[in-house]
Amino acid sequence: MSLATNAVLYWALAVVAVLSATAFAAQRARLDAWTMYLAGMAGLGGALLLGWLFAALAGQGAQEESGARSALGAFTGAAAFGWLVIRLRGGEFLRYADAAVPGIALGYAVYRIGCFVNGCCSGIPTELAWGVTFARGTEAFDIQLAAGLIDANAAQTVPAHPTQWYHAGAAMLTLLALTRIDAARPGRRLAFALIAYGVARFLIEFFRANTFPVWGALDLNQILCLAMIAVGALLWMSGARGANALREGAA
């Protein structure tokens, strides 16, 4: 089985994990599971569309050639298309989003394992003990070859940061944290997920290979992460103010 086939398998498993986990979470939250499923399918289409578009705008040509898509663009597309379906079906977006984000974190972890198998989204060279190498034919190999770090006859890359595993680990930690957040306050889990992903992705980008700085040392992904963190913080604070207002009213 080729690397690309293995990666597609993992990405397909990620989709199944998200759709299954979010539909189950909707039932537990007493939401309409069919609405959640439809939002998930629409979100998948939005993720593919905006993920491809964002990768093109960000200049990620190597990733386009390997069939990879921008995760940030995919999240934006999934959120926009999912929101539209939920609104059309008369649902409360924040309640559905809160139910969905743990499943999305799980699916994202599986997706990043697929990235590792495929050798895409790799890190910069490192001498740390956990550095990993990638075989010929992977995107990581092509990036290091273009950078002059290896020659065309090399059997594998020099050790690099396993950024795919950094992403997967951050996603699983986020998932564990989300299960401890009170879901009774709409938007609370979504806010935490936005902040957690934004911070983790912002930091991991410093260890990513083949990035394209657009503002000082920051690339477009990091700038969008700052916006994501800001939106998450505003959503978290607005929820806290709403809860305080309810308590004061009850008093």
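Preceding this section is the structure that the text describes.
Everything quoted here is computed from the prediction, not taken from an experiment. (Residues numbered from 1 in each chain as written. Predicted model: local features only at pLDDT ≥ 70, side-chain atom pairs only at ≥ 80, totals over all residues. Heavy atoms only, no water.)

It is worth spelling out the side chain of T157 at this point. Within the secondary structure, T157 sits in the loop between α6 (139-146) and α7 (163-178). A relative accessible area of 4% places T157 in the buried class. (Helix = DSSP H or I, 4+ residues; strand = E, 2+ residues; numbered from the N terminus. Buried < 20%, exposed > 50% of the residue type's maximum accessible area, 1.4 Å probe, protein only.)

Before going further, it helps to examine helix α5 (residues 93-118). In α5, a bend of some 35° at A100 exceeds every other bend along the element, and P102, a proline, comes one to four places later. At the C-terminal side of α5, G119 shows a positive phi close to 80°. (Bend = angle between axes of the 7 residues up to and from the residue.)

With that settled, the discussion passes to unusual backbone geometry. Positioned with a positive phi, R30 is a non-glycine residue whose angle comes to about 60°. Relative to the helices and strands, R30 is located in the loop between α1 (3-28) and α2 (33-57). Judged by its relative accessible area of 78%, R30 falls in the exposed class. Of note, C121 is a non-glycine position whose phi angle comes to about 55°, a positive value. By the secondary structure assignment, C121 is in the loop between α5 and α6.

On to a nonpolar patch on the surface, then. Together, W34, Y37, M41, L44 and L48 give the surface a local cluster of nonpolar side chains, amounting to about 470 Å² of exposed area. Residue position: L44 is located in helix α2. (Patch = residues over 30% accessible without salt bridge, like charges linked within 9 Å, V, L, I, M, F, W, Y side chains within 5 Å. Areas by Shrake-Rupley, 256 points an atom, 1.4 Å probe, with all protein chains shown as cover. Salt bridge = Lys/Arg side-chain N within 4 Å of Asp/Glu carboxyl O.)

The way to describe two aromatic rings as a pair is by their centre distance and the angle between their planes. Applying the stated rule across the entire model yields 7 aromatic pairs. Ring plane angle 85° and centroid distance 5.4 Å describe the contact between Y108 and Y197, whose orientation is recorded as edge-to-face. With a gap of 89 residues between them, Y108 in helix α5 and Y197 in helix α8 (residues 188-204) connect regions that are remote in the sequence. Take Y108 and Y197: they sit in the same class, and that class is buried. Judged by centre distance (5.7 Å) and plane angle (65°), the ring pair of F116 and F134 falls under edge-to-face. Within this pair, whereas F116 is found in helix α5, its partner F134 is found in the loop between α5 and α6, the two being separated by 18 residues in sequence. Overall, the relative accessible area of 24% leaves F116 in the partly exposed class. Residue classification places F134 among the buried positions, given a relative accessible area of 5%. One aromatic cluster is present, built from ring pairs that chain together Y108, Y111 and Y197. A cation sits over an aromatic face here: R188 above W236, 3.7 Å from the ring centre. (Phe/Tyr/Trp six-rings, centres within 6.5 Å; stacked < 30°, edge-to-face > 60°. Lys NZ or Arg CZ within 6 Å of the ring centre and 35° of its normal.)

For A160, the position within the fold is in the loop between α6 and α7. Note: C-alpha distance between A160 and A209 (49 residues apart in sequence) is 8.9 Å. Discounting residues that sit within four places of it in the chain, A160 has contacts with G123, I124, P125, T126, G131, V132 and Q144. (Contact = heavy atoms within 4.5 Å.)

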